[in-house]
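Structure assessment
One-letter residues, chain by chain:
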Amino acid sequence: MSNTILSVEGLRVQFSLRGKVLNAIRDVSLTLEKGESLAIVGESGSGKSVLCKTFMGLLDANGSITAGHIWFGGEDLTQYTTEKQWLGIRGKKIAMVMQDPMTSLNPLKTVGAQITEAVVLHQGLSGEAARAETVRILGDVGITDPERRYKQYPHEFSGGMRQRVVIAIAVACRPEILICDEPTTALDVTIQAQILHLIRQLKEKYQLTTIYITHDLGVVASVADRIAVMYAGDIVEIGRCEEVFCDPRHPYTWALLSSLPQLAERGDELYSIQGTPPNLFTEIQGDAFAPRNPHALKIDFVKRPPYFEVSPTHRARTWLLDPRAPKVEPPESIRKLREGGLWK
Ligand SMILES: Nc1ncnc2c1ncn2[C@@H]1O[C@H](COP(=O)(O)OP(=O)(O)OP(=O)(O)O)[C@@H](O)[C@H]1O
Ligand SMILES: [Mg+2]
């Protein structure tokens, strides 16, 4: 029996901006298994948020899906046209914790009232039962003294605690899929680790399927089952966590991994990826990463690579995996990783 909860096929998303067309998602296919945690990593602008917004009908008004399917619960979400249809999905079945916790909370309402709204709407509870459920969820997301905290306003919470409240609202909706869009960038590293740990606990407790979106490959090593690496609106490599960390195949993944501070030897200068991402307003020829890729082949500038399978769970879109390509060894830092650097 298939365990797939969400399946994306050949998805393309475009935005129109001042008469021009921006290709934000360029032919993405992805299946999400029930109960797994997938991390989506990539530079700013690579399409991580836009991709996940299509699962909830949250694209900005100037954006549209121009090709592909998103299968969820036997329906193709790309065919949804009305808000009413989306209300059956958004929050209810798929919930998203947004990048900025301050903008997703209402400063004028108590934290308790905001969580209770979701409890009333999605769990059908009311009165004392709804209040009790809210207090219980506050405890679940690690807020101490929830009875007192219930009556406080967002500004009385620290950044990390506010992030927990936003997660509490998402969990109160009892979704099947929880998407966390960079739950951590604005937070310091210790709090970041705590939030990731919390999401991991909630995933077990509520049997959630989770997607984490982040710039930082380093933070997901401990929490993700699988990693999808995005570049210029495309998933260029996807595999199980250990496959992407220990046997990465796409030069962009090499570059991302090489720039992890965890990998640098003391005193070494930190590696940073040269060049800039491509202009998404023009049709990209070949491999979008080619101009920044020190290992690029001629064909990389001409023809877009297909996916090559590395294992049944691991594939990468790079001509380097074509049997005709010359053998290119990954950079030194990647070889060190394979020998155990990050896993020690
Ligand atoms: N409403 C919009 N109009 C025009 N372009 C947009 C719009 N929304 C997103 N884009 C563009 O789509 C591309 C993907 O954006 P997206 O927000 O998904 O990036 P991201 O990977 O989430 O980046 P970050 O890490 O900075 O959050 C970017 O080039 C962005 O400028
Ligand atoms: Mg984003």
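Small disclaimer: the values here were computed from a predicted structure and weren't measured.

What counts and what doesn't
Residues numbered from 1 in each chain as written. Chains lettered and ligands numbered in written order. Predicted model: local features only at pLDDT ≥ 70, side-chain atom pairs only at ≥ 80, totals over all residues. Heavy atoms only, no water. Helix = DSSP H or I, 4+ residues; strand = E, 2+ residues; numbered from the N terminus. Rg over C-alpha atoms; globule rule 2.2 N^0.38 Å. Buried < 20%, exposed > 50% of the residue type's maximum accessible area, 1.4 Å probe, protein only. Contact = heavy atoms within 4.5 Å. Areas by Shrake-Rupley, 256 points an atom, 1.4 Å probe, with all protein chains shown as cover. Lys, Arg positive; Asp, Glu negative; His and termini not counted. Charge placed at Lys NZ, Arg CZ, Asp CG, Glu CD. Pairing = 2+ DSSP bridges. Axes fitted to C-alpha atoms, helices over the stretch in contact; angles between N-to-C directions. Near = heavy atom within 4 Å. Polar contact = N/O pair within 3.5 Å; in protein donor to acceptor, adjacent residues only side chain to side chain. Salt bridge = Lys/Arg side-chain N within 4 Å of Asp/Glu carboxyl O. Phe/Tyr/Trp six-rings, centres within 6.5 Å; stacked < 30°, edge-to-face > 60°. Lys NZ or Arg CZ within 6 Å of the ring centre and 35° of its normal. Domains from an automatic or database assignment. Buried area = accessible area lost by both parts, 1.4 Å probe.

Moving on, we come to the overall build of the protein. Counting secondary structure elements, the protein contains 12 helices and 12 strands. Its C-alpha radius of gyration of 21 Å places the protein within 12% of the 20 Å reference for a compact globule of 344 residues. Projected onto the principal axes, the alpha-carbon positions of the protein cover approximately 70 × 50 × 45 Å. Counting all 344 residues of the protein, 51% fall into the buried class. When contacts within the protein are restricted to residue pairs at least 6 apart in sequence, long-range pairs at least 24 apart make up 65% of them. For the protein, the accessible area works out to roughly 16,200 Å², and carbon and sulfur atoms hold 53% of it. In the protein, which carries 39 positive and 40 negative side-chain charges, the distance between the mean positions of the two groups comes to 2 Å.

Moving on to the sheet that holds strand S10 (residues 234–240). Hydrogen bonds between backbone atoms are what pair the strands of a sheet, whose relative direction is either parallel or antiparallel. Spatially, S6-S7-S8-S3-S9-S10-S12-S11 is the arrangement adopted by the eight strands of the open sheet, whose pairing is mixed. Each of the sheet's edge strands pairs with one partner strand only, and the pair in question is strand S6 (94–97) and strand S11 (308–311). Recorded for the sheet is a direction-independent mean angle of 20° between the axes of neighbouring strands. Looking at chain direction, strand S3 (residues 37–41) and strand S8 (residues 209–214) are connected through five bridges and run parallel. Each residue of the ladder has a partner; that of Ala39, found in S8, is Tyr212. Against the sheet, helix H8 (residues 189–206) makes contact with S3, strand S7 (177–181) and S8, and its axis sits at roughly 160° relative to S8, the strand it touches most.

Bringing the site of ligand 1 into the picture now. Every one of the 18 residues lining ligand 1 counts as a neighbour, but Ser44, Gly45, Lys48, Ser49 and Asp60 are closest to it. Taking Gly45, its main chain carries an N or O atom lying 2.8 Å from an oxygen atom of ligand 1. In the environment of ligand 1, an oxygen atom lies 3.0 Å from a nitrogen or oxygen atom belonging to the backbone of Gly47. Surface burial for ligand 1 is 76%, taken as the share of its 630 Å² of free accessible area covered by protein chains.

A separate point is the pattern of salt bridges. Using the criterion set out here, one finds 20 salt bridges in the structure. Between Arg136 and Asp140 there is a salt bridge, with the nearest N and O atoms lying 3.1 Å from each other. In this pair, Arg136 and Asp140 both sit in helix H5 (residues 127–140), four residues apart, roughly one turn of the helix. Residue class for Arg136 comes out partly exposed when judged on its relative accessible area of 33%. Take Asp140: its relative accessible area is 18%, and that puts it in the buried class. For the salt bridge of Asp145 with Arg148, the shortest nitrogen-to-oxygen distance reads 2.7 Å.

On to helix H11 (residues 251–258). For H11, the buried fraction is high: eight of the eight residues fall into the buried class. When H11 is considered as a whole, its buried residues turn out to be Pro251, Tyr252, Thr253, Trp254, Ala255, Leu256, Leu257 and Ser258. Here the buried face of H11 lies against S3, helix H9 (217–220), strand S9 (226–231), S10, helix H10 (241–246) and helix H12 (332–338).

Turning our attention to the packing of aromatic side chains. Per the counting criterion, the structure on display carries five aromatic pairs. Seen in terms of ring centroids, Tyr231 and Phe289 are 5.1 Å apart; in terms of plane orientation they differ by 80°. Their pairing is edge-to-face. A residue pair is termed long-range when its members are at least 10 positions apart, and Tyr231 in strand S9 and Phe289 in the loop between H11 and S11 qualify at 58 residues. For Tyr231, a relative accessible area of 2% puts it in the buried group. A relative accessible area of 2% places Phe289 in the buried class. Between the NZ or CZ atom of Lys20 and the centre of the ring of Phe281, over which it lies, the distance is 4.7 Å. Above the ring of Phe157, the side-chain terminus of Arg149 is found at 4.4 Å from the ring centroid.

Before going further, it helps to spend a moment on the environment of Lys93. Counting through the fold element by element, Lys93 comes out in the loop between helix H2 (83–87) and S6. For Lys93, a relative accessible area of 33% translates into the label partly exposed. Once the C-alpha coordinates of Lys93 and His69 are considered, the two residues, 24 residues apart in sequence, prove to be 18 Å apart.

Now for unusual backbone geometry. If you check the backbone angles, Arg174 has positive phi at about 50° while not being a glycine. Along the chain, Arg174 falls in the loop between helix H7 (159–172) and S7. The class for Arg174 is partly exposed, based on a relative accessible area of 40%. Positive phi is not limited to glycine here, since Ala232 has a value of about 45°.

For the rest of this paragraph, the subject is the domain arrangement of the protein. For interface size, the figure often reported is the accessible area lost on association. For the protein, the domain assignment lists domain 1 (4–224) and domain 2 (250–340). Using C-alpha coordinates to define each centre, domain 1 is positioned 30 Å away from domain 2. Buried surface at the junction of domain 1 and domain 2, both sides included, amounts to about 1,400 Å², of which 50% is carbon and sulfur. The tally of links between domain 1 and domain 2 comes to two salt bridges. In this structure, Arg292 and Glu43 form a salt bridge, with 3.2 Å as the shortest nitrogen-oxygen distance. Taken together, domain 1 and domain 2 are joined by six residue pairs in polar contact (both at pLDDT 80 or more).

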